[in-house]
Amino acid sequence: MEFSDGVVLVGGVEVGTARMTWWDEADGTRLYLLLGSVESAHQGLGYGRTILAWLEERAREHAAGDSVGTPVFGVNPVSERDVALVRGAGYRVVFTRVRMTVELAEPGDVRLPEGVEVRAASAADHRAVFEANAEVFGGNSLGYVQDSFEEFEQDIADDYPDYRLWTLAWVGDKLAGWVVSGRDDTPWVGVRPAYRRRGLASALLHANHAQLWEHGVRTASLWTLAENPTGSVALYESLGYRIVERQPRYRKTF
């Protein structure tokens, strides 16, 4: 078996692909994501196990020359065959991304907790949202990657430039909670710890849904983690969201 530029060859015939990427997560994990596949005509012949073992060795070699982070293997199997393969190699689910959607209805009145005010968002709020995201999500161990401020602003420019769909809640000059939405999805929903257990998250989402409705959006969609310690799945379900997709994330320590 030969590996050349991401292509796996046996006797000069392409039987699959193999590549690897990596990044550093907020909790200090260096995640090596191993991406391999076997052509359908060549499945069941052991090539998948060989490709996975080869990718693991490449990750070990890379990690040996780089002391940044705690190295971990990661794979994202899709088919039952792939799941059986990676489980057999010692991988286990560490968290599950879930996509949830809700059909929006014409909004009613929104009541915010006392002392909380929703203000129109603008580019001047980028830094406040960035710092609040880092404060709330930066310490978790479930795959969160802390981008730089420049990367955050680029994401906004590319995908979420319509501030009419953002819902920012303030207590004085402190950002207490935020929902950043686009027409197709909502990437960030957060409430600072000091303002939790007051119904702010639910109120913010109701307010955000009203803004989406006003601007022609009829289905809200977001991703969260099934294992989120804040109980985000239960919160969203209480607002009518339902899980429509699951993406288990498998990992294994070096």
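Residues numbered from 1 in each chain as written. Predicted model: local features only at pLDDT ≥ 70, side-chain atom pairs only at ≥ 80, totals over all residues. Heavy atoms only, no water.

K.L.:
So what's going on with the overall build of the chain? Which residues, and what values?
P.N.:
From N to C terminus, the chain includes 6 helices and 12 strands. Projected onto its principal axes, the C-alpha coordinates of the chain cover approximately 70 × 40 × 30 Å. Counting only residues that meet the buried cut, the chain has 40% of its 254 residues in that class. Of the contacts formed within the chain by residues at least 6 apart in sequence, a portion of 67% connects residues at least 24 apart. Counting only carbon and sulfur atoms, one obtains 48% of the accessible surface of the chain, whose full area is about 13500 Å². Distance from the positive charge centre (26 side chains) to the negative charge centre (36 side chains) of the chain: 6 Å. (Helix = DSSP H or I, 4+ residues; strand = E, 2+ residues; numbered from the N terminus. Buried < 20%, exposed > 50% of the residue type's maximum accessible area, 1.4 Å probe, protein only. Contact = heavy atoms within 4.5 Å. Areas by Shrake-Rupley, 256 points an atom, 1.4 Å probe, with all protein chains shown as cover. Lys, Arg positive; Asp, Glu negative; His and termini not counted. Charge placed at Lys NZ, Arg CZ, Asp CG, Glu CD.)

K.L.:
Quick rundown of helix H3 (residues 126-137)? Include the residues and the values.
P.N.:
Taking 1.5 Å as the rise per residue, H3 with 12 residues should run 16 Å; its terminal C-alpha atoms sit 16 Å apart, in good agreement. Along H3, the residues that are buried comprise His 126, Val 129, Phe 130, Ala 132, Asn 133, Val 136 and Phe 137. Seen end-on, H3 carries its buried residues on one side only, within an arc spanning 165°. Residues of H3 that are buried make contact with helix H4 (149-159), strand E8 (167-171), strand E9 (174-180) and strand E10 (188-191). (Expected span 1.5 Å × (residues − 1). Arc of directions from axis to C-beta.)

K.L.:
Describe the pattern of salt bridges, listing the residues and the values that go with them.
P.N.:
Taken as a whole and assessed by the stated rule, the structure comprises 11 salt bridges. In this structure, Arg 99 and Glu 245 form a salt bridge, with 3.5 Å as the shortest nitrogen-oxygen distance. One end of the pair, Arg 99, is in strand E6 (residues 92-103); the other, Glu 245, is in strand E12 (residues 242-253), and 146 residues separate them in sequence. Judged by relative accessible area, Arg 99 falls into the partly exposed class, the value being 26%. In this structure Glu 245 comes out as partly exposed when scored by relative accessible area, which is 30%. Arg 164 serves as the salt-bridge partner of Asp 162, at 2.8 Å between the closest nitrogen and oxygen. By relative accessible area, which is 46% here, Arg 164 ends up partly exposed. (Salt bridge = Lys/Arg side-chain N within 4 Å of Asp/Glu carboxyl O.)

K.L.:
Kindly report on the environment of Val 116, identifying the contributing residues and their values.
P.N.:
Here Val 116 shows up in the loop between E6 and strand E7 (117-119). Ignoring any residue separated from it by four or fewer positions in sequence, one finds Val 116 in contact with Ala 169, Trp 170, Val 171, Arg 198 and Leu 200.

K.L.:
Describe the pairing of E10, listing the residues and the values that go with them.
P.N.:
Burial along E10 is two-sided: Trp 188 and Gly 190 facing one way and Val 189 and Val 191 facing the other are all buried. Pairing of E9 with E10, which is carried by 4 bridges, proceeds in the antiparallel orientation. Paired with Gly 177 across the two strands is Val 191, which belongs to E10. (Pairing = 2+ DSSP bridges.)

K.L.:
Talk me through unusual backbone geometry; I want residue IDs and the actual numbers.
P.N.:
One non-glycine residue with positive phi stands out, namely Asp 5, at about 50°. Mapped onto the secondary structure, Asp 5 falls in the loop between strand E1 (2-4) and strand E2 (7-10). We note that Arg 197 has phi near 65°; this positive angle belongs to a residue other than glycine. Assignment of secondary structure puts Arg 197 in the loop between E10 and helix H5 (200-214).

K.L.:
I'd love a proper account of the packing of aromatic side chains, names of residues and values included.
P.N.:
Within this structure, the stated rule accounts for 12 aromatic pairs. Look at Trp 22 and Tyr 32: their rings are 6.1 Å apart centre to centre, the planes differ by 40°, and that puts the pair in the tilted class. Taken together, the residues span a long stretch of sequence, with Trp 22 in strand E3 (residues 13-24) and Tyr 32 in strand E4 (residues 29-38) at a distance of 10 residues. Residue classification places Tyr 32 among the buried residues on the basis of a relative accessible area of 0%. Pairing Phe 152 with Trp 188 gives two aromatic rings, centres 5.1 Å apart and planes at 45°, and the pair type is tilted. Here Phe 152, found in helix H4, pairs with Trp 188, found in strand E10; they are 36 residues apart in sequence, far enough to count as distant. You can call Phe 152 buried: its relative accessible area is 4%. The ring of Phe 149 has Arg 127 sitting right over it, with the charged end atom 3.7 Å from the ring centre. Note that Arg 218 overlies the ring of Trp 213, its terminal NZ or CZ placed 3.6 Å from the centroid. (Phe/Tyr/Trp six-rings, centres within 6.5 Å; stacked < 30°, edge-to-face > 60°. Lys NZ or Arg CZ within 6 Å of the ring centre and 35° of its normal.)

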